[in-house]
Amino acid sequence: MHQKVSFRRFFLLVLLLLAIPVVHAQDWTRRHQFAKTYFGLSTFVAPNWSDGPFLNPDGQVQSYGRSGFGSPSINIGATHFWGYADFYISINTVGIKFQEDEIKNSIRLGTFTGCRVYPFPSKIGTVRPYLGYKFSPFRFKQYDLEEASFSHTSVQSVLDVGLALQLPSFYLTLEYSRVLNPSFTNYLSRTISRTDQFPNQLIQLGINYTLETTAFSNAPGNKAAYKYFSATNRYGLFFAAGPSSAFPTANSEYLQEHLPFLDDRAFPSLFADVAAGYHFSKLDLITAASFRAMAQKRSAFDYEQAISRKSVVLECYKFLGDYHGFVPYLGLGLSYERLKLSETDRGMPVASLAENTLSPALVFGWDIRPSVQGDWWILRTNLRYFPFLGIDRDGQQVSLQYVEFNFIQFVVYPQRLGRIRKGNL
């Protein structure tokens, strides 16, 4: 349920961006004021947390006190629309509990993907209020008295209100957040469960360094190169790479019925997204192939399920206008999947499956472009949705319906770079 809410709001945000009038003119000054990139650090703090349930030595359910925690994170983002909006990710590292609890447990916030909206534009030398929304996987792990563990993962939606200070080289944020629908089911054994909840409020302090990454493209020589490359379908070869994650979007029928104590929405580990393709600049259309290798693991009470996925997707997508350097695209893909699943119970193998299959995908995302179409490098955001992918397990499906989210991919056009270096345009 939480995942559906998060992605509906994300898609609504994309649609709102597409509703902005398309800008085709190359207004260099206004284009380069549209967005400002930043990198920095944040600390998320949950000052308190409700008591949690556990099984005592007599097999009875009791409660124990849980301390608050802090979570340092790394920020990557950019203010957009001339200071009216801020899109970012905050990559949380590890949850640090304020004190040791009676029952061993841990919590980790995943990567927040968020947006801040400023009623009054954020400018250098100003303090501005903002409203925000972000979402992230929350991961909880608890051990019983015999050191067997249970894990739960779910995507949580979070509403923010805060203040931001813009300085010539720094961007500071202070915000208060409410976590929506924090309840989840906590399994205390393979058969006994109780309702539990994540912390319902967070406080964040962020310190970021801002930098200009597009000023070089305003040079007369570069302007001529961009005009030349955008007018031809030659020189469109590109290579791209970046870190990616995958968000489960559906429950697994098999797990829900047979193994409900396993973490159904466990996330695959971070993985690399490596691609090569061709950009038909005059059409602003791309054909590409992308390779990703993913590993996903679920374990609880000495039962473990491991999934391996190696995927090559052929895709084609069309860019849909240019919004002062924010250039969205939409397309389709077809993926060849090599899938493996294994399960062990108390160290003994109980299942080993492998299959190869084809799966369609919806492909969408956006480029951040200093010029219109002729840059020799850009930053690209890729998202892919696989609505039908899964592994058959005794006639029921273990879902692999993911939204893959590659927030920042570095894209290089070697042919364009070679022509620029030769100066023969």
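Further up the page is the structure itself.
Here goes a summary of the coordinates provided.

The rules behind each value
- Residues numbered from 1 in each chain as written.
- Predicted model: local features only at pLDDT ≥ 70, side-chain atom pairs only at ≥ 80, totals over all residues.
- Heavy atoms only, no water.
- Helix = DSSP H or I, 4+ residues; strand = E, 2+ residues; numbered from the N terminus.
- Buried < 20%, exposed > 50% of the residue type's maximum accessible area, 1.4 Å probe, protein only.
- Contact = heavy atoms within 4.5 Å.
- Areas by Shrake-Rupley, 256 points an atom, 1.4 Å probe, with all protein chains shown as cover.
- Core = buried A, V, L, I, M, F, W, Y, C linked by side-chain atoms within 4.5 Å.
- Arc of directions from axis to C-beta.
- Phe/Tyr/Trp six-rings, centres within 6.5 Å; stacked < 30°, edge-to-face > 60°.
- Pairing = 2+ DSSP bridges.
- Axes fitted to C-alpha atoms, helices over the stretch in contact; angles between N-to-C directions.
- 1 Å grid on protein atoms, 1.4 Å probe; cavity = no way out; pocket = protein on both sides within 12 Å on 5 of 7 lines; lining within 4 Å.
- Points joined across faces, edges and corners; volume = space filled by probe spheres on them.
- Nonpolar A, V, L, I, M, F, W, Y, C, P; charged D, E, K, R; others polar.
- Patch = residues over 30% accessible without salt bridge, like charges linked within 9 Å, V, L, I, M, F, W, Y side chains within 5 Å.
- Salt bridge = Lys/Arg side-chain N within 4 Å of Asp/Glu carboxyl O.

**Some points on the overall build of the chain**
- For the chain, the count of helices and strands is five helices and 24 strands.
- For the chain, buried positions account for 52% of its 425 residues.
- In the chain, of all internal contacts separated by at least 6 residues, the share reaching a separation of at least 24 is 68%.
- Put simply, the chain shows about 19000 Å² of open surface, and 61% of that area lies on carbon and sulfur atoms.

**Overview of the nonpolar core**
- Among the nonpolar cores identified, the biggest contains 24 residues, and Leu259, Phe261, Leu262, Phe301 and Leu400 are the most heavily contacted of them.
- Looking at this core, the elements that each hand over two or more residues are helix 4 (253-258), strand 17 (285-300), strand 18 (303-319) and strand 19 (326-345).
- Setting aside chain neighbours within four positions, we find Phe261 in contact with Phe150, Tyr187, Ser189, Arg190, Ala300, Phe301 and Tyr303.

**With respect to helix 5 (residues 414-422)**
- Every buried residue of helix 5 is accounted for by Arg416, Leu417 and Arg419. Buried residues along helix 5 cover an arc of 165° about the axis, so they all sit on one side. Exposed residues pointing more than 90 degrees away from the buried face of helix 5 are listed as Arg421 and Lys422.
- Gly423, located one to two residues past helix 5, shows a positive phi value of around 70°.

**Brief notes about the packing of aromatic side chains**
- Under the criterion given, the structure shown has 27 aromatic pairs.
- Seen in terms of ring centroids, Phe184 and Phe198 are 4.6 Å apart; in terms of plane orientation they differ by 35°. Their pairing is tilted. Placement of Phe184 in strand 12 (residues 183-187) and of Phe198 in the loop between strand 13 (193-197) and strand 14 (201-211) is noted, with a sequence separation of 14 residues between them. We note that Phe184, like Phe198, is buried.
- Three or more aromatic residues link up through ring pairs in this structure, and these residues are Phe44, Trp49, Phe69, Phe112, Phe138, Phe140, Phe184 and Phe198.

**Regarding the sheet that holds strand 18**
- Pairing is antiparallel in the closed barrel, where eight strands are placed in the order 15-16-17-18-19-20-21-24. Looking at each pair of strands side by side, their axes are set apart by 25° on average, direction ignored.
- As paired strands, strand 18 and strand 19 are joined by 17 bridges and run antiparallel to one another. Bridge pairing in strand 19 places Tyr317 opposite Gly331.
- Against the sheet, helix 5 touches strand 15 (237-248), strand 16 (271-280) and strand 24 (402-412), its axis set at about 140° to strand 15.

**Comments concerning the pairing of strand 1 (residues 36-46)**
- Alignment of strand 1 against strand 4 (residues 69-80), held across 11 bridges, turns out to be antiparallel. Bridging from a neighbouring strand, Gly40 pairs with Asn75 of strand 4.
- Of the strand pairs in this sheet, strand 1 and strand 14 are connected by nine bridges, and their pairing is antiparallel. Directly across from Tyr38, in strand 14, lies its bridge partner Thr210.

**Quick notes on empty space enclosed by the protein**
- Throughout the structure, instances matching the rule amount to seven cavities of 30 Å³ or more.
- In terms of lining residues, the largest cavity is bounded by 13 residues, among which Phe54, Gln142, Tyr143, Asp144 and Leu188 are the most central.
- At the level of elements, strand 2 (52-55), strand 9 (127-143) and strand 12 are the ones that each hand at least two residues to the lining of the largest cavity.
- Looking at side-chain class alone, the lining of the largest cavity contains 10 nonpolar, two polar and one charged residues.

**Points about a nonpolar patch on the surface**
- Nonpolar side chains collect at one region of the surface, where Leu131, Val161, Leu167, Phe170, Leu174, Tyr176, Ile203, Leu205, Ile207 and Tyr209 lie side by side and expose about 890 Å² of accessible area between them.
- Only strand 11 (170-179) and strand 14 provide two or more residues apiece to the nonpolar patch.
- Considering each element in turn, the nonpolar patch owes the most residues, four residues, to strand 14.
- Along the chain, Leu205 falls in strand 14.
- Under the relative-accessibility criterion, Leu205 is labelled partly exposed at 46%.

The quantities given are spatial measurements derived from coordinates; they are silent on function.
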